[in-house]
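# Architecture at a glance
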Amino acid sequence: MTQKLDKLQETLSATLGDAIVSLKRDRGEITITVAAARWPEIGQRLRDDPALRFEQLIDLAGVDWSDYRNEGTEGPRFTVVSHLLSVSHNWRLRVHVNCPDDDLPAVPSINEVWNSANWFEREAFDLFGILFEGHEDLRRILTDYGFIGHPMRKDFPVSGHVEMRYDAETKRVIYQPVTIEPRENVPRVVREDNYGGLH
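The structure displayed is predicted, hence computed values, not measured ones.

Procedures and definitions
- Going along each chain's sequence as written, the residues are numbered from 1 onward.
- Restriction of local features to residues with pLDDT of at least 70 applies here, the model being predicted, together with a cutoff of 80 or more for giving and counting side-chain atom pairs; totals for whole chains, interfaces and linings are based on all residues.
- Think of the side-chain values as coming from all heavy atoms in the structure, minus any hydrogens and water.
- For Phe, Tyr and Trp, rings pair up if their centres lie within 6.5 Å, where Trp contributes its six-membered ring, and each pair is then called stacked (planes under 30 degrees apart), edge-to-face (over 60) or tilted (otherwise).
- Counting from the N terminus, the helices are DSSP H or I runs at least four residues long and the strands are E runs at least two residues long.
- Note on classification: 1.4 Å probe, protein chains only; a residue is buried when its accessible area is under 20% of the maximum for its type, exposed when over 50%, partly exposed between these limits.
- Being paired, for any two strands, means DSSP has found at least two bridges between them.
- Within this analysis, the arc is defined by the directions that extend from the helix axis to the C-beta atoms.
- Note on contacts: a residue pair is in contact if any heavy atoms of the two residues lie within 4.5 Å.
- The nonpolar core is taken to be a set of buried Ala, Val, Leu, Ile, Met, Phe, Trp, Tyr and Cys residues, with the residues joined through side-chain atoms within 4.5 Å.
- The salt bridge criterion pairs a side-chain nitrogen of Lys or Arg with a carboxyl oxygen of Asp or Glu, the two atoms within 4 Å.

Quick look at the packing of aromatic side chains now. Going through the model one piece at a time under the given rule, you end up with three aromatic pairs. Their ring planes at 40° and their centres at 6.2 Å tell us that Trp39 and Trp114 sit as a pair that is tilted. With Trp39 in helix H2 (residues 39–48) and Trp114 in the loop between strand S6 (106–108) and helix H3 (117–128), this residue pair connects regions lying 75 residues apart in the sequence. Summarising the burial analysis for this pair, Trp39 and Trp114 share the class buried. Ring centres 5.9 Å apart and planes at 25° place the aromatic pair Phe147 and Phe156 in the stacked group.

Here's what the structure looks like:
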């Protein structure tokens, strides 16, 4: 495994050079970070270069790092994480693309390079509000059309903003502000001396 990772790291460095912002090797995996502006170009090279041949994008997701700031970690709030697979070389690679602007997170779409990115990018847009520039059909995919906000963001309220219910009198679905009052539940713990027959 170590020789295989050595070879992949060497090939990535030789092929991409200074296009790699950082390369991290941990738990038998390699993660590279690339600049958002260069992501489509780098994706094309990762796919087409015979030494790499990452033919498949097997996953793409958004990440909200805002809670890490509470621990003193600096950096961008949003990252797009892609997992690539080379069937030819039996290699896997994780690619981080940081969104340069926290207020309007956006990265170029990679759908032209790997068409499997289509629904993954729509999901990251829907749940995190990350815009994928150049995506031809960037609309919500999991939440309702009238949904407000992006539910996987760390600052999204657990109860949401709007609730819907069926009104029997008007015979239609009604959207209204959330009526749930937040409360803190403390689980009741019962300790018995001889619980389970153990002494």
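We are not done yet, so read on.
This paragraph deals with the pairing of strand S2 (residues 29–34). Among the six residues of S2, five are classified as buried, and the element is accordingly described as predominantly covered. Two elements, strand S1 (residues 20–26) and S2, share six bridges in a ladder whose sense is antiparallel. Its bridge partner lying in S2, Ile20 is registered against Val34. Connecting S1 to the antiparallel partner S2 that follows it, the hairpin turn spans two residues, and Arg27 within it adopts a positive phi of roughly 55°.

Residues lying three or four places apart along an α-helix face the same way, a consequence of the helix completing one turn every 3.6 residues. Along H2, the residues that are buried comprise Trp39, Ile42, Gly43 and Leu46. Along the long axis of H2, the arc covered by the buried residues comes to 105°, so they all point the same way. Tucked into the core, H2 has its buried residues touching helix H1 (2–16), S2, strand S4 (78–86), strand S5 (91–98) and S6.

With 35 residues, the main nonpolar core has Leu12, Ile32, Leu46, Leu93 and Val95 as its most contacted residues. Breaking this core down by element, the ones donating at least two residues are H1, S2, H2, strand S3 (56–64), S4, S5 and H3. Excluding residues that lie within four positions of it along the chain, Leu46 makes contacts with Leu12, Leu16, Trp39, Leu52, Arg53, Phe54, Leu84, Leu93, Val95 and Trp114.

Turning our attention to the environment of Ile20. Residue position: Ile20 is located in strand S1. Spatially, the C-alpha atom of Ile20 lies 5.2 Å from that of Val34, the residues being 14 residues apart in sequence.

With that settled, consider unusual backbone geometry. One non-glycine residue with positive phi stands out, namely Arg53, at about 50°. Note on placement: Arg53 falls in the loop between H2 and S3. With a relative accessible area of 30%, Arg53 lands in the partly exposed category. Phi at Lys171 is positive, roughly 55°, even though this residue is not glycine. Along the chain, the position of Lys171 falls in the loop between strand S8 (162–167) and strand S9 (172–177).

Quick look at the pattern of salt bridges now. Scanning the entire structure with this criterion turns up twelve salt bridges. One salt bridge connects Arg27 with Asp26, and the closest N-O pair in it is separated by 2.8 Å. When the shortest N-O distance is used, the salt bridge between Arg122 and Asp137 registers 4.0 Å. Of this pair, Arg122 sits in helix H3 while Asp137 sits in the loop between strand S7 (131–133) and S8, and the two are 15 residues apart along the sequence. In this structure Arg122 comes out as buried when scored by relative accessible area, which is 6%. You can call Asp137 partly exposed: its relative accessible area is 31%. Where salt bridges share partners, they join Arg38, Glu41 and Arg45 into one cluster.

On their own, these measurements won't tell you what the molecule is for.
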